[in-house]
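Listed below, chain by chain, are the residues.
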Amino acid sequence: MPNIRFFNPGCEIEVANGSPFFNIPKYPALLENDLAVLPMFFSQSGDYVIVNQNVDNTFSDFWKQYFDVNFITLDNLISVSNICFDKFLPWGFSPRVLNIAYKFKNILSYNFLNSCVAEFNVNHKLLFNRKSSVDVFNDFLKKSNCDDIFPNINQAPFVATNISQAIDFFKFSTNNFGGAVFKALYGSSGRGVRLFRNNSLSDNILKWTNFVINTQGGVECEFLFNKVSDFSAHFDIINHKPIFKGFSRFSTTDSGFYSNSKVKCFNQIEFFDLVISNKFTDILSQCLENSIYSKYYEGPLGVDCLIYLENNKYKINPCVEINCRHSMGRLAIEIEHLVSENSIADFYVFKADEYCEMQNQKPIFKDNKLYSGFWEFTPCSSKTFKAGIFAKPIS
């Protein structure tokens, strides 16, 4: 049976709000509208992807040859009323998105309607709380037996539940690490994050921190590591067990917002050989299996990590945050087969007026795979945000 897929990149703030009728803010709303087609890269043959406006036939016909995917608006549900669907698969589950799924209730399978992700409850909200990723981090450090390629137990993140605790952490971290990171308990992809590099806590930051503590119950405090590379470890949670699917390497802006992902060449990461890779994924899999993520969730999950330098030695932060949803890094893994074996490529999400030089380089294909140039993944109706891959031949 086919599935129904929906792109909601603001799922974390939807969860934090808690209302099934939540009107998402402007930025994630624009992303949701312009990048609505992206779930097609996860599709099985015959799946339907919900879009906010009809996709032009040229775009639809082109991608049908790759993924046999159909696009549908919520205003056109009558066209699928005679189809039985297996699952409703959003980018990330939330009360709002399950309210949308309810429109398809009569044509969704019994198995989905009785699954652990068909109804949102208090346990699901914990999946999106950064305190849960802190618990995985601490469990990882215990299981790694203080291996010196990972942080020591004194470098674990901390959830401050009042402003005094946050200020004390800031002073300690800036004195010993040259900076600190504060994160709202609900947020992802750079949203709700404040980075400090030897600067003081301004009145605005103190107000923001106090607001986060009062509205979300706390603020996550992290040490500012000397970052070399960002990467993600990707899993599927199936029958309460994590199944490792691969690594992706990504880049962020100075403020922590997602920029782009390597589509290939993960092995370029410094010192990350097979022995370290296997050890890392084995410990992380154990931690996830013992966590609330395997207990209350099924579906894709990504763990953001980083390589950093400490005393001239490469080390791994094993759990910067956990994304209990699809992610751009996982998408980068899914599209590797679209790129020529003789090329390297990056997947980008960006504002339409950015990377103009890259966008002007026409795509060149060899054997139906991208060899060089920019291949846009979004239809012409996407005006504010674009997505696509840029490839160049391996020299």
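One can find the structure itself at the top, above this paragraph.
As the structure is a computational prediction, the values presented were derived from the model and not from experiment. (Residues numbered from 1 in each chain as written. Predicted model: local features only at pLDDT ≥ 70, side-chain atom pairs only at ≥ 80, totals over all residues. Heavy atoms only, no water.)

*Asks:* Before we go on, may I ask you to explain the state of the cysteines in this structure?
*Replies:* Scanning all chains against the criterion turns up 0 disulfides. In this structure Cys116 is a free cysteine whose sulfur lies 9.6 Å from that of Cys324, the closest cysteine sulfur available. The partly exposed category is assigned to Cys116, whose relative accessible area is 28%. Cys356 takes part in no disulfide bond, and the closest cysteine sulfur to it belongs to Cys380, at a distance of 18 Å. (Disulfide = S-S within 2.5 Å. Buried < 20%, exposed > 50% of the residue type's maximum accessible area, 1.4 Å probe, protein only.)

*Asks:* What am I meant to see in the sheet that holds strand 4 (residues 88-90) here?
*Replies:* Strand pairing in a sheet takes place through backbone hydrogen bonds and is either antiparallel or parallel in direction. Taken in spatial order, the 4 strands of this open sheet run 3-2-1-4, and their pairing is parallel. Every other strand in the sheet has two partners, leaving strand 3 (70-72) and strand 4 as the edge strands with one partner each. Sheet twist, expressed as the average angle between the axes of neighbouring strands with direction ignored, equals 25 degrees. Inspection of the sheet shows strand 1 (residues 4-6) paired to strand 2 (residues 48-50) by 2 bridges, in the parallel sense. The residue bridging Ile4 from the neighbouring strand is Tyr48, located in strand 2. (Pairing = 2+ DSSP bridges. Helix = DSSP H or I, 4+ residues; strand = E, 2+ residues; numbered from the N terminus. Axes fitted to C-alpha atoms, helices over the stretch in contact; angles between N-to-C directions.)

*Asks:* Which parts of the structure should I look at to understand the sheet that holds strand 5 (residues 158-160)?
*Replies:* On the basis of which strands lie adjacent, the open sheet formed by 4 strands has the order 5-8-6-7 and antiparallel pairing. For this open sheet the edge positions go to strand 5 and strand 7 (193-196), each flanked by a neighbour on one side alone. For this sheet, the mean angle separating the axes of adjacent strands, direction not counted, is 25 degrees. By the bridge criterion, 4 bridges tie strand 6 (residues 180-184) to strand 7 in an arrangement that is antiparallel. Paired with Lys183 across the strands is Val193, a residue of strand 7. Sitting on the sheet, helix 8 (residues 163-177) touches strand 5, strand 6, strand 7 and strand 8 (219-223), and the angle it makes with strand 8 is about 15 degrees. (Contact = heavy atoms within 4.5 Å.)

*Asks:* Please explain the environment of Tyr110 as it appears in this structure.
*Replies:* Here Tyr110 is to be found in helix 5 (residues 110-113). For Tyr110 and Tyr66, which are 44 residues apart along the polypeptide, the C-alpha to C-alpha distance reads 30 Å.

*Asks:* Would you explain the pairing of strand 6 in this entry?
*Replies:* Both faces of the sheet carry side chains from a regular strand, because those side chains alternate between them. When you tally the buried positions in strand 6, you get 5 out of 5 residues, the bulk of the element. Burial along strand 6 is two-sided: the face carrying Ala180, Phe182 and Ala184 and the face carrying Val181 and Lys183 are both buried. By the bridge criterion, 5 bridges tie strand 6 to strand 8 in an arrangement that is antiparallel. Residue Lys183 lies in a different strand from strand 8, and its bridge partner there is Glu220.

*Asks:* Looking at this model, I keep getting lost on the packing of aromatic side chains. Mind explaining?
*Replies:* Aromatic ring pairs: the centre-centre distance and the angle between the two ring planes describe each pair. Taken as a whole, this structure holds 40 aromatic pairs when the rule is applied. Judged by centre distance (6.1 Å) and plane angle (65 degrees), the rings of Phe172 and Phe223 are edge-to-face. Pair noted here: Phe172 is in helix 8 and Phe223 is in strand 8, with a separation of 51 residues, a long-range link. Looking at Phe172, the relative accessible area reads 44%, which means it is partly exposed. Between the aromatic rings of Phe247 and Phe280, the centroid separation amounts to 6.2 Å while the plane-to-plane angle is 35 degrees, which identifies the pairing as tilted. Of this pair, Phe247 sits in strand 10 (residues 241-252) while Phe280 sits in helix 10 (residues 274-289), and the two are 33 residues apart along the sequence. Chaining the aromatic ring pairs together yields one cluster made of Phe41, Phe59, Phe62, Trp63, Tyr66, Phe67, Phe71, Phe347, Phe365, Trp375 and Phe377. A cation over a ring is seen here: Lys366 above Tyr371, with NZ or CZ 3.9 Å from the ring centre. (Phe/Tyr/Trp six-rings, centres within 6.5 Å; stacked < 30°, edge-to-face > 60°. Lys NZ or Arg CZ within 6 Å of the ring centre and 35° of its normal.)

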